[in-house]
Amino acid sequence: MSVLHWIPPDAAPDAFPPVNQALAYPDGLLAAGGDLSAERLLAAYRRGIFPWFEEGQAILWWSPNPRTVFVPADLHRSRSLRRALQREPIRISLNTAFSDVMSACAAPRPGQDGTWITTSMMTAYHQLHTLGHAHSLEVWRNENLIGGVYGLAIGAVFFGESMFSAATNGSKFALSALAALLEKHEFALIDGQVKSPHLRSMGSIELPREEFIDRLDRHCPRRIDRNLWQKNDDVDVDIVKKV
């Protein structure tokens, strides 16, 4: 019988069990406890682990098998999405509205009773943003924020956390822009964590956990131009419209 590993709050930031000890059901549940310090979160993502829990629960740590990912160059843009990208007068920004993107991602959605983006998660990821590890990409129509995505960057891997739409195609515009930007800077992967019809429709693939960890070991240590993540009110929208 499998036993869930408990992480004491004062344990070392990297005190995670090997990911191959994760449960098969629920898929990928690896450990509970610990805290959401920046050091522990960075250690977790680097090992292919992420937190996912609801308000009132202990912190739960996951490493599902297989893992849903995107290769930035292979993101699928349907014909209708390409037409919309050409037609819509959108503006793209980077790291200008991190709080707004997180709040929009945390807002209630149809068919959902609550959100996994708890108050403690909001606080933790804002800290990561302040430290330069967590980033947001925003999509604007006029002065209205119509879509966005946020996550963490470690080396040449972007660990996507959540995205939202406030208008038709909002999240698709955001993911498309993110993939184009990361492709330009030679990123290897966008981590999508777990599969969904939405991610699949945009070209996500599934990697066995062992292969995913191998790619992290190869690409997280890579040095990426930090200027990529400078706050930018007006990212060149042609990087998306030309793909």
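Above this note sits the structure.
Quick caveat: nothing in here was measured; it's all calculated off a predicted structure.

**Structural notes on the overall build of the protein chain**
Across its full length, the protein chain carries 8 helices and 12 strands. The C-alpha radius of gyration of the protein chain comes to 17 Å, within 12% of the 18 Å expected for a compact globule of 243 residues. Projected onto its principal axes, the C-alpha coordinates of the protein chain cover approximately 55 × 35 × 35 Å. The buried share of the protein chain, reckoned over its 243 residues, is 53%. Within the protein chain, contacts between residues at least 6 apart in sequence are counted, and of these 75% link residues at least 24 apart.

**Structural notes on the nonpolar core**
In this structure, Trp61, Tyr125 and Phe159 are the most contacted members of the largest nonpolar core, which totals 50 residues. Apart from the residues within four sequence positions on either side, Phe159 is in contact with Tyr45, Gly151, Leu152, Ile154, Asp191, Phe212, Leu216 and Cys220.

**A look at unusual backbone geometry**
Note the cis peptide between Tyr25 and Pro26, where omega equals -10°. Look at Asn142: it is not a glycine, yet its phi comes out positive at around 60°. Tracing the chain through its elements places Asn142 in the loop between β7 (134–141) and β8 (144–154). The backbone of Gln193 sits at a positive phi, close to 70°, despite the residue not being glycine. Mapping Gln193 onto the fold places it in strand β10 (residues 189–193).

**Things to note about the sheet that holds strand β1 (residues 5–7)**
Reading across from one edge, β1-β2-β4-β3 is the order of the 4 strands in this open sheet, with mixed pairing throughout. The strands lining the two open edges of the sheet, one partner per strand, are β1 and β3 (50–51). As judged from the 3 bridges shared by β1 and strand β2 (residues 29–33), these two strands associate in the parallel manner. Each bridged residue has a counterpart across the sheet, and for Ile7 the counterpart in β2 is Gly33.

**Concerning the sheet that holds β8**
With mixed pairing, 8 strands are arranged side by side in an open sheet as β11-β5-β10-β9-β8-β7-β6-β12. Every other strand in the sheet has two partners, leaving β11 (205–207) and β12 (232–235) as the edge strands with one partner each. Within the sheet, the average angular offset between the axes of one strand and its neighbour, ignoring direction, is 35°. Across 8 bridges, the pairing between β8 and strand β9 (residues 157–165) is antiparallel. By the bridge assignment for β9, Val149 is matched with Met163. Against the sheet, helix α3 (residues 98–106) touches β7, β8 and β9, its axis set at about 100° to β8.

**Overview of helix α4 (residues 119–130)**
For α4, with 12 residues, the first-to-last C-alpha span of 17 Å sits near the 16 Å given by 1.5 Å per residue. Met121, Met122, Ala124, Tyr125 and Leu128 are the residues of α4 that are buried. As for α4, its buried residues are in contact with α1 (38–46), β3, α3, β7, β8 and β9.

**Re the packing of aromatic side chains**
Evaluation of the coordinates by the stated rule reveals 7 aromatic pairs. Taken together, Phe98, Tyr125 and Tyr150 form an aromatic cluster joined through their ring pairs.

**Concerning helix α7 (residues 209–219)**
Every buried residue belonging to α7 is among Arg209, Phe212, Ile213, Arg215, Leu216 and His219, and all of these are buried. For α7, the angular spread of the buried residues around the axis is 160°, confining them to a single face.

**So, the pairing of β9**
Within β9, 8 of the 9 residues are buried, leaving the element largely enclosed by the surrounding structure. Bridge count between β9 and β10: 3 bridges; the pairing is parallel. By the bridge assignment, Phe158 is partnered in β10 with Ile190.

**Structural notes on the environment of Thr119**
Structurally, Thr119 can be placed in helix α4. We classify Thr119 as exposed; its relative accessible area is 56%. On a C-alpha basis, the gap between Thr119 and Glu210 in space is 32 Å, while along the polypeptide they are 91 residues apart.

**Looking at the environment of Gly56**
Mapped onto the elements, Gly56 comes out in the loop between β3 and β4 (60–62). Sequence spacing of Gly56 and Ser171 is 115 residues, and the spatial spacing of their C-alpha atoms is 29 Å.

The rules we used
- Residues numbered from 1 in each chain as written.
- Predicted model: local features only at pLDDT ≥ 70, side-chain atom pairs only at ≥ 80, totals over all residues.
- Heavy atoms only, no water.
- Helix = DSSP H or I, 4+ residues; strand = E, 2+ residues; numbered from the N terminus.
- Rg over C-alpha atoms; globule rule 2.2 N^0.38 Å.
- Buried < 20%, exposed > 50% of the residue type's maximum accessible area, 1.4 Å probe, protein only.
- Contact = heavy atoms within 4.5 Å.
- Core = buried A, V, L, I, M, F, W, Y, C linked by side-chain atoms within 4.5 Å.
- Pairing = 2+ DSSP bridges.
- Axes fitted to C-alpha atoms, helices over the stretch in contact; angles between N-to-C directions.
- Expected span 1.5 Å × (residues − 1).
- Phe/Tyr/Trp six-rings, centres within 6.5 Å; stacked < 30°, edge-to-face > 60°.
- Arc of directions from axis to C-beta.

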